[in-house]
Amino acid sequence: MKLSQIARVIGSSLSTAVEDTDIEYLLTDSRQLRTTPAQTLFFALRTARNDGAEYISELFAKGVRAFVVNHSSLHLVSEQSLPYCLVVDDSLDALQNLAAYKRSLYHCPVIGITGSNGKTVVKEWLSQLLRNDYRITCSPKSYNSQIGVPLSVWQMNSQTELAIFEAGISQVGEMEKLERIIQPTIGVITYIGEEHGENFQSLEQKRVEKMQLFRHADVVIEEPSHQNVRTCAAVLRYLGYSEERITQMLMQQTHETVMEINLTALAANVRHFKSLLRPSTRLVCMVKAFAYGAGHVEVSRCLQDNGADYLAVAVADEAAELRQAGIRLPIIIMDPEPAALKKIIDNNAEPNIYSFSALESIISAVQEEGLEHYPIHIKIDSGMHRLGFEWEDMPALCYRLRSQKAVRVCSVFSHLAGADDPQFDDFTLRQIAAFNRCADYLKTELEQAGHPVIFKHILNSAGIERFTDYQYDMCRLGIGLYGFSAAGATLRNVCTLKTTLLSVKTVRKGESIGYGRNTYLKEDRLIAVIPIGYADGFDRRLGNYGGEVLVRGKRCPVVGNVCMDLAMVDVTGTDAQPGDEAVIFGDRLPLEELAQRLGTITYEILTSVSRRVQRIYCYE
């Protein structure tokens, strides 16, 4: 769309001195500039704590030449970029008006989805189910807010044959604006519950507000059981698919076991841990091992937007993937390999140095690139005896660091071995003392020699909660991100692993279940098959009554040996049907409980969930 046309739609004007360019991309967060700057229009949105106009100069320097800014924010705009600004009374209104106009240009079916839970899942499933039959435009991730919806609708184009958008609200009056933007022809309601209801007087008021999305829709679909699979089936039915075809499509789809990652919960957990720290204390968020199984790219984007100062990964490949995805936060490489040092440098990542040989390798690699003062982090072995320098190494280490210019020390740190367990508190305090001795010597020697200020950090998630006084300059947040507290704090669950029932049938008394015939039935039982097995991370030890899954709100035992791709569950007494949801772990089936059953830790289970399990991201 031409910039001049956009100006007319939002009620502004375009300077004749500015080229009337084609605008392809809309931007509301300066940190997300990843597309062609010359074809990007930045909306300088104002919030209670921030004004997007403050970032116009930065974006101008990066090549963006079109901006929408509030009259009241013009004092924040440089004279250089002022001619490129479309001035309006309210930039958010302008964004929404533009999206509503863009929507009015197209007359294909548009599915609008709202509810309290399941919006993103239903949207993703419908998109996948229908992608072979339609050219689809749909909301990216969980873009369902007053800002996310217009950004989603803007993606519609002349090739769109079907659009699928989700809409979420947090207070009265918001849905009317979203309805005007989405203009759905087909309405879909998922489960409406008490979640996020603090700004509504009652559940009924919330429902009435959400129903505003469908004021002009041709049809509204609400599946009474609020099962996501059945909701999708109802939509397919309305679109004219036969029952046989629907069954075939759903069977293909529901073979995909999914892990839902709630990014709203992740952000809430970050805020909890930051509330325990001084405002000046920096936060390093651990996203190694595919962000503990949650998906390092999306998790890192969320962390970048919610207060993380650093990210930390294990190896260079992880850092490279984050950089390719547009992550700009500093990244520490915890386990740098000598062969990967060039890749580390190419991706502006910062290696952990834990030995003299590692130090010499990074110095040589930096010198070969013709660089100086490359950032590194020094690891101290304070008693865990895994990696790191010890007290006896400090004089020689300081001498070598002072004698070169290739690298500079950003931080000195160590690992606590048992900060989560009170029985090891004396040992933890001895570790902290040993670390302080080394770190303070290193800092003093280097800073007196003219090196920049060096940060100290030793606390992990458990340490932040239990040894807060030793937060120093930085802390590292790992498993706490995902809702696990060492101090009994109420954190939000982030990861939910779920699948669906492929089949349900009665198996008679005396029959055996699965490979090896290890489970024999003492009476007739209703047995379901779920498409998850040990290749997906569903441990074989859960078989033969070793574990449970949640079906229709009831805990159901796993029977028979767990197979590579399938497992069997006794769902007797549940009225379960094929397509029903089965939760492996989540809010009502805690991961800690599963870890206890298996005699392991939550880390292992999360990181064992196979990459072939689809990750779905939601904001609820």
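All of the points below concern the structure found in this document. In this text, all values refer to a predicted model and were calculated from it rather than measured experimentally.

**Some details on the side chain of T519**
No. 1: Secondary-structure assignment places T519 in strand β22 (residues 519-520).
No. 2: A polar contact of 2.6 Å, which involves the side chain of T519, links it to the side chain of N544.
No. 3: Engagement of the side chain of T519 in a polar contact is seen with the backbone nitrogen of G560, the distance being 2.9 Å.
No. 4: Excluding anything up to four places from it in sequence, T519 contacts E511, S512, I513, N544, Y545, V559 and G560.

**Concerning the sheet that holds strand β14 (residues 350-353)**
Picture the strands of a sheet paired through backbone hydrogen bonds; they go either parallel or antiparallel.
No. 1: On the basis of which strands lie adjacent, the open sheet formed by eight strands has the order β17-β16-β15-β14-β13-β12-β11-β18 and parallel pairing. This sheet does not close on itself; its edge strands, each paired only once, are β17 (455-457) and β18 (474-477). Recorded for the sheet is a direction-independent mean angle of 30° between the axes of neighbouring strands.
No. 2: Taken together, the three bridges between strand β11 (residues 282-286) and strand β12 (residues 310-313) define a ladder with parallel strand orientation.

**Regarding unusual backbone geometry**
No. 1: Residues other than glycine seldom take positive phi values, yet Y545 does so here, at roughly 70°.
No. 2: Following the sequence through the fold, Y545 ends up in the loop between β23 (525-530) and β24 (548-551).
No. 3: Exposure remark for Y545: the relative accessible area of 45% places this residue in the partly exposed category.
No. 4: Unusually for a residue other than glycine, D575 sits at a positive phi of about 60°.
No. 5: Within the secondary structure, D575 sits in the loop between β26 (567-570) and β27 (581-585).
No. 6: For D575, a relative accessible area of 58% puts it in the exposed group.

**A look at the environment of L341**
No. 1: In this structure, L341 sits in helix α14 (residues 341-346).
No. 2: Using a relative accessible area of 8% as the deciding quantity, one classes L341 as buried.
No. 3: Placed 101 residues apart in sequence, L341 and G240 show a C-alpha to C-alpha distance of 57 Å.
No. 4: Excluding residues within four positions of it along the chain, L341 makes contact with S361, I362 and A365.

**Things to note about the sheet that holds strand β4 (residues 85-88)**
No. 1: The four strands lie next to each other as β1-β2-β3-β4, forming an open sheet whose pairing is parallel. Only two strands of the sheet have a single partner each, and these edge strands are β1 (25-27) and β4. Averaged over neighbouring strand pairs, the angle between their axes works out to 25° when direction is ignored.
No. 2: By the bridge criterion, two bridges tie strand β2 (residues 40-43) to strand β3 (residues 67-70) in an arrangement that is parallel.

**Regarding the pattern of salt bridges**
No. 1: Summed over the entire model, instances satisfying the criterion amount to 30 salt bridges.
No. 2: Residues R400 and E360 are paired through a salt bridge, measuring 2.7 Å at the closest nitrogen-oxygen approach. In this pair, R400 sits in helix α16 (residues 394-402) while E360 sits in helix α15 (residues 356-368), placing the two residues 40 residues apart along the sequence.
No. 3: Residues R555 and E593 are paired through a salt bridge, measuring 2.5 Å at the closest nitrogen-oxygen approach. With R555 in strand β25 (residues 554-559) and E593 in helix α19 (residues 591-598), this residue pair connects regions lying 38 residues apart in the sequence.

Definitions and cut-offs
- Residues numbered from 1 in each chain as written.
- Predicted model: local features only at pLDDT ≥ 70, side-chain atom pairs only at ≥ 80, totals over all residues.
- Heavy atoms only, no water.
- Helix = DSSP H or I, 4+ residues; strand = E, 2+ residues; numbered from the N terminus.
- Polar contact = N/O pair within 3.5 Å; in protein donor to acceptor, adjacent residues only side chain to side chain.
- Contact = heavy atoms within 4.5 Å.
- Pairing = 2+ DSSP bridges.
- Axes fitted to C-alpha atoms, helices over the stretch in contact; angles between N-to-C directions.
- Buried < 20%, exposed > 50% of the residue type's maximum accessible area, 1.4 Å probe, protein only.
- Salt bridge = Lys/Arg side-chain N within 4 Å of Asp/Glu carboxyl O.

Just geometry here; none of it tells us what the structure is for.
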